[in-house]
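# Structure at a glance
The chain contents come next:
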Amino acid sequence: MPGNIFIVDNADTEWKVQRYLHDWCDLARAFDIATAYFEIGAILLLDDKWQGLERIRILMGDEVSKRTKQAFEQGLREIVRKLDDSLEAEKEENDFLRGVPAIVEALRSSVIQARVYRRKKFHAKTYITHGKMEVIGSAALVGSSNFTCPGLTENIELNIRLKSDSEVAILQEWFETYWNEAEDVTPDLLKTIERHTREYSPFEVYARALSAYFEAHEPSVSEWEKQHSQIYPILDYYQQEGYHRVIEIGRRYNGALLCDGVGLGKTFIGLMLIERFLFERKRVALFVPKAARKDVWENNLKKYLPEVRGKFSNLAIYNHTDLLRGGDFPEWMQEIAEKVDVILIDEAHHFRNASSDRTRKMFEIIDKKQVFLLTATPINNSLYDLMHLIELFSRRQPDYFRAAPLGIHSLRGHFRALETALRTLVGEEQVEMDAISAEEMLSKDDLFRELVVQRSRAYVKRSIQQHGGQRVAFPIRRDPVVANYSLQKTYGKLLDMIEVSFNKEIPLLSLPMYYPLAYYRGQNAEIDPMLENRQRQVVGLIRTLLLKRFESSAKAFEASCEDLLLKLLQFVRLNQERLALRWEKQHAALLEKIQQHLHERGLAYQNEEERDEDIIPEDFKKRIEHLDEQEYDVHAILNETLLDMEELVRFLQELQDFDPSRDDKLQTLIALFRQDENLQGQKVLVFTEYVDTARYLRQQLQAAGIGPLAEVDSLTSSNTRSAIIRNFSPYYNDSSSPELQAQGIEEIRVLISTDVLSEGLNLQDAACLMNYDVHWNPVRLMQRIGRVDRRLNPDLEARILRDHPEQEGVRGTVCLWNFLPPAELDRILGLYERVAHKTLRISKIFGIEGRKLLTPEDEYDALKEFNKAYEGQTTSLEEMQLAYQQLLRDHPDLENQIRRMPLRVFSGKAHVAPDVQAVFFCYSLPAKDAATGEWDDNASFTRWYLYDLATETISDDASAIFPIIRSKPETPRLNAIAQTTLREIRKQIEKKINKDYLRKVQAPVGIKATLLAWMELV
């Protein structure tokens, strides 16, 4: 350069500060460096030449303005942080920190020394090089370059070389002054670097990977929750864990699903959510089933959160059915739509049908509110049940989940792929949904795991054990007993008539009123295929309903035939009044009898819309319409309808002389009550799907002298229902036998109920349950059993035994009976498959797949399958989480150790399979905060990968990887794969992440995955 000034500014491709120092390493015996801070890469830039130096002294300043001890510690932390960051940056290309162990040894032996000057702000930069020989002398570079990679190679700096002995001597004196006044931080730097260079054990990598995987699941408790919440202290750990997770999901996506198994205390998590939102001054609307409102929610709110109820509360409670009621309700629903911030829906599966009026109304009210859905059974008949629940808060926006971490651009497309995968899994094209298979698959689905909190009973039991939770027990469930009866004995000729009707070309009934598009002859050539399919489905559902009611009881079948007959007659009257009047005259006696039955059933003046599902399902509440003869072949429709009506008349005529004494199913029930020793003196809960069956059983059992007895259905008033629940199960509903006796109330021993009592209620005083109907859906079966097979309170159990010592040896055991007709089972299933056009795979829950029965003696897995579904046998992911929680309990300081670990911790161990080599990776994948739309570290999530060296395949199934990496503290470290090979594999994994994830979520430039830990398996 011109003149006598020698400038090094990094602008020249050849002459950079790094080159200057690199060359001096050959000439110098020591370096004295002043810098704001330094990076490990700065020394590595000198290759191994720096090791020829006798000494390197690094003098740093801190960047804080105050000079207190606290300020110094803050400044030191900043220096250490920057050094730490430089090590992490180095590892991105130098995976195993080649060259760094020599730096560690130099720090240990004081070849490298580091001090921080803290008396005043120190911002100097200089490099004094002391020659090995006197003839070389000393030199100095003074300027702006920090001892960092950018300072030595990249930034445009200004550094001037001092060569004269006198100038260098003055600078050396200056350096010594500040060096002597500075504080030694070599141990701090050494400690920081050693975090990165020490050999980590397989156990440490395993623990780090588990911690990262479940980091979001570990509760972070606020001061309010610790000190002021009424509910939080009474929750078990798994409930606290679920509450925190639900809150976080709701924050991210504006909605969440809590789907813990039956009887696991979802109500208390719901109470905790309500308390939290009210504390945040949010307005909350709670929608619950009518049967659970008073006896579950209002009673618990009164008991645990008495201050939240009242005229001026921010909490409003409504029944599901209130959504469509008249009077003041439309105005109140509008108020919710306009003013409420948060909506909680208990037993949310009732809103799984997107086309029902109730769901449409709820969807309209929700708008952009935060929604929390509580249900043990998110899937009843189809995977699309879950999709429809999610759509309540995704607002049916197909790409609602397009952002990271999910990258789903079509929600329906995602579920279509899942449905296809499920059908492939079970190997059947037309298959009734098997909820067990569905949930096994969903547990590994990213969307499900991101939106749904679901823990099995098996997980909860072990979680309570691990965390020393409240004294909670679960009953032992005995193998179910099949109560055999004969449909032939019950119905005689009618069974044959039904079978003949079902086996016609058009099974049973054509029902054109429900399927008018089959008779369309209008100008519009294009018929909406979805609408036509829906009409066809409704016809199939009505046929199935008749079959199910036929199996339930003669009374239920009779009532269904009468209801359907009146509806068909109304349709004929609307479209051809003269034809209807003629038919009515011909069947006047029958119609009079039907009207009498309606009065007896309490339905004579009730609008169809107000009837619950145990009377008429939502699908069948079709508004009768006048059909345009230009659009439809009305003549053909009316002819088919009249044929259907005559078929129904024949069935009703056959039932006219029905005698309960030849009802083999009823007589089997009565015989059980009189003869089965397990039922003697025990509380018994009898479930049936239908009001007419329930009332028939009440009448017949009372006549047989069985009781004290009560019956509940959807027509039972709220107050009466609550009183019956308390009188049947007093101990688990804030009462007791002595209290009832003192009030002069007779305690109920036998309770007959439709499924209005199958959800949410505590009926654990009973230990015997009967399913009087064959229920095609195991989900409903689980809900029924969950009334008696649920968490037991040890204090209440002790009180029951104190008041009823004869219950010793019986309490804590649940007995089940399923009513099935063995001799006619083939016929019943054949009829179902004929009308539904699908295989009854779901029937395996009753043990009738392959036409077998659910009895302990059968050589069949059905019982095992049901127990697995009901207990929710711990999934692989739950096993992982339990293992992690146990690690934390066994090693109390493990969390702190993990927190102190750097990124990219590496180890190696033996593979669990012989002669197999693989490499495990634990990555943190970046994601957007759904609430802010910004890429945020807090929104990131963990993904595991396993690369198999032999097959060159990559798996990301954490549940399959877990047993392979599982380690103990004593697991020896083994390393056999070349570091260059490991580096290449790591690059392949990152290519896969870029291709499969970052591109899909459209991550901006600079956003990348972070390697947390990895391990070779040899």
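These numbers come from a predicted model, not from an experiment.

About the thresholds
- Residues numbered from 1 in each chain as written.
- Predicted model: local features only at pLDDT ≥ 70, side-chain atom pairs only at ≥ 80, totals over all residues.
- Heavy atoms only, no water.
- Patch = residues over 30% accessible without salt bridge, like charges linked within 9 Å, V, L, I, M, F, W, Y side chains within 5 Å.
- Areas by Shrake-Rupley, 256 points an atom, 1.4 Å probe, with all protein chains shown as cover.
- Salt bridge = Lys/Arg side-chain N within 4 Å of Asp/Glu carboxyl O.
- Lys, Arg positive; Asp, Glu negative; His and termini not counted.
- Charge placed at Lys NZ, Arg CZ, Asp CG, Glu CD.
- Helix = DSSP H or I, 4+ residues; strand = E, 2+ residues; numbered from the N terminus.
- Buried < 20%, exposed > 50% of the residue type's maximum accessible area, 1.4 Å probe, protein only.
- Pairing = 2+ DSSP bridges.
- Expected span 1.5 Å × (residues − 1).
- Arc of directions from axis to C-beta.
- pLDDT = per-residue confidence, 0-100.
- Contact = heavy atoms within 4.5 Å.
- Phe/Tyr/Trp six-rings, centres within 6.5 Å; stacked < 30°, edge-to-face > 60°.
- Lys NZ or Arg CZ within 6 Å of the ring centre and 35° of its normal.
- Axes fitted to C-alpha atoms, helices over the stretch in contact; angles between N-to-C directions.
- Polar contact = N/O pair within 3.5 Å; in protein donor to acceptor, adjacent residues only side chain to side chain.

So, on to a negative patch on the surface. Judged by side-chain charge, Asp328, Glu331, Glu335 and Glu338 come together as a negatively charged surface patch. In this structure, Glu338 sits in helix 13 (residues 329-339). Judged by relative accessible area, which is 55%, Glu338 ranks as exposed.

One open sheet holds the eight strands; their spatial order is 1-7-6-5-2-3-4-8, and the pairing between them is mixed. Looking at the sheet topology across the chains shown, the edges are occupied by strand 1 (7-8) and strand 8 (183-184). As judged from the six bridges shared by strand 3 (residues 55-61) and strand 4 (residues 112-117), these two strands associate in the parallel manner. Looking across to strand 4, one finds that Gly61 is bridged to Tyr117.

Of note, the amide linkage connecting Ala404 to Pro405 takes the cis form, showing an omega dihedral of 15 degrees. Mapped onto the secondary structure, Pro405 falls in the loop between helix 15 (383-394) and helix 16 (411-426). The phi dihedral of Arg396 falls on the positive side, at around 55 degrees, and the residue is not glycine. Turning to its location among the elements, Arg396 is positioned in the loop between helix 15 and helix 16.

Helix length check: helix 7 (residues 186-197) (12 residues) gives 16 Å between terminal C-alpha atoms against 16 Å at 1.5 Å per residue, within 8%. Residues of helix 7 that are buried: Thr186, Leu189, Leu190, Thr192, Ile193 and His196. The buried residues of helix 7 occupy an angular sector of 165 degrees when the element is viewed end-on, so they sit on one face. Structural note: helix 7 exposes Pro187 and Lys191 on the side pointing more than 90 degrees away from its buried face.

Here the focus is the confidence of the model for the chain. Per-residue confidence for the chain averages 86 on the pLDDT scale, and 88% of its residues sit at or above 70. In the predicted structure, residues 837-866 sits below a pLDDT of 50 and forms 85 contacts with residues beyond four places in sequence or in another chain.

This part is about the packing of aromatic side chains. Inspection of the entire model under this criterion finds 36 aromatic pairs. With centroids separated by 5.2 Å and ring planes inclined at 55 degrees, the aromatic side chains of Trp174 and Tyr178 adopt a geometry described as tilted. Of this pair, Trp174 and Tyr178 both sit in helix 6 (residues 165-181), four residues apart, roughly one helical turn. Aromatic rings pair up to connect Phe96, Phe906, Phe921, Tyr923, Tyr945 and Trp1014 into one cluster. When the ring centre of Phe363 is taken as origin, the NZ or CZ atom of Arg395, which lies over that ring, is 3.7 Å away. Its end group placed over the ring of Phe363, Arg396 keeps NZ or CZ at 3.8 Å from the ring centre.

If you walk across this open sheet you meet the six strands as 11-10-12-13-9-14, and the pairing is parallel. Single-partner strands in this sheet number two, and they are strand 11 (315-319) and strand 14 (452-453). Pairing analysis gives two bridges linking strand 9 (residues 255-258) to strand 14, with the strands arranged parallel. Bridge pairing in strand 14 places Leu257 opposite Val452. Each of strand 9, strand 13 (370-374) and strand 14 touches helix 10 (residues 237-253); the most contacted strand, strand 9, lies at about 150 degrees to it.

In this section: the pairing of strand 18 (residues 709-712). Side chains of strand 18 alternate between two faces, with Leu709 and Glu711 and Ala710 and Val712 buried alike. Here strand 18 pairs with strand 19 (residues 750-753) via four bridges, running parallel. Among the inter-strand pairings, Leu709 is bridged to a residue of strand 19, identified as Val750.

Before going further, it helps to spend a moment on the side chain of His587. Structurally, His587 can be placed in the loop between helix 24 (577-586) and helix 25 (588-601). On the accessibility criterion, His587 (12% relative accessible area) is buried. Separated by 2.9 Å, the side chain of His587 and the backbone oxygen of Trp583 make a polar contact. In this structure, His587 is in contact with Glu646 and Val649, ignoring residues within four places of it in sequence.

Turning our attention to a nonpolar patch on the surface. Together, Ile5, Leu158 and Ile160 make up a nonpolar patch on the protein surface, roughly 250 Å² of accessible area in all. Locating Ile5 in the fold gives a position in the segment before strand 1. Classification of Ile5 as partly exposed rests on a relative accessible area of 49%.

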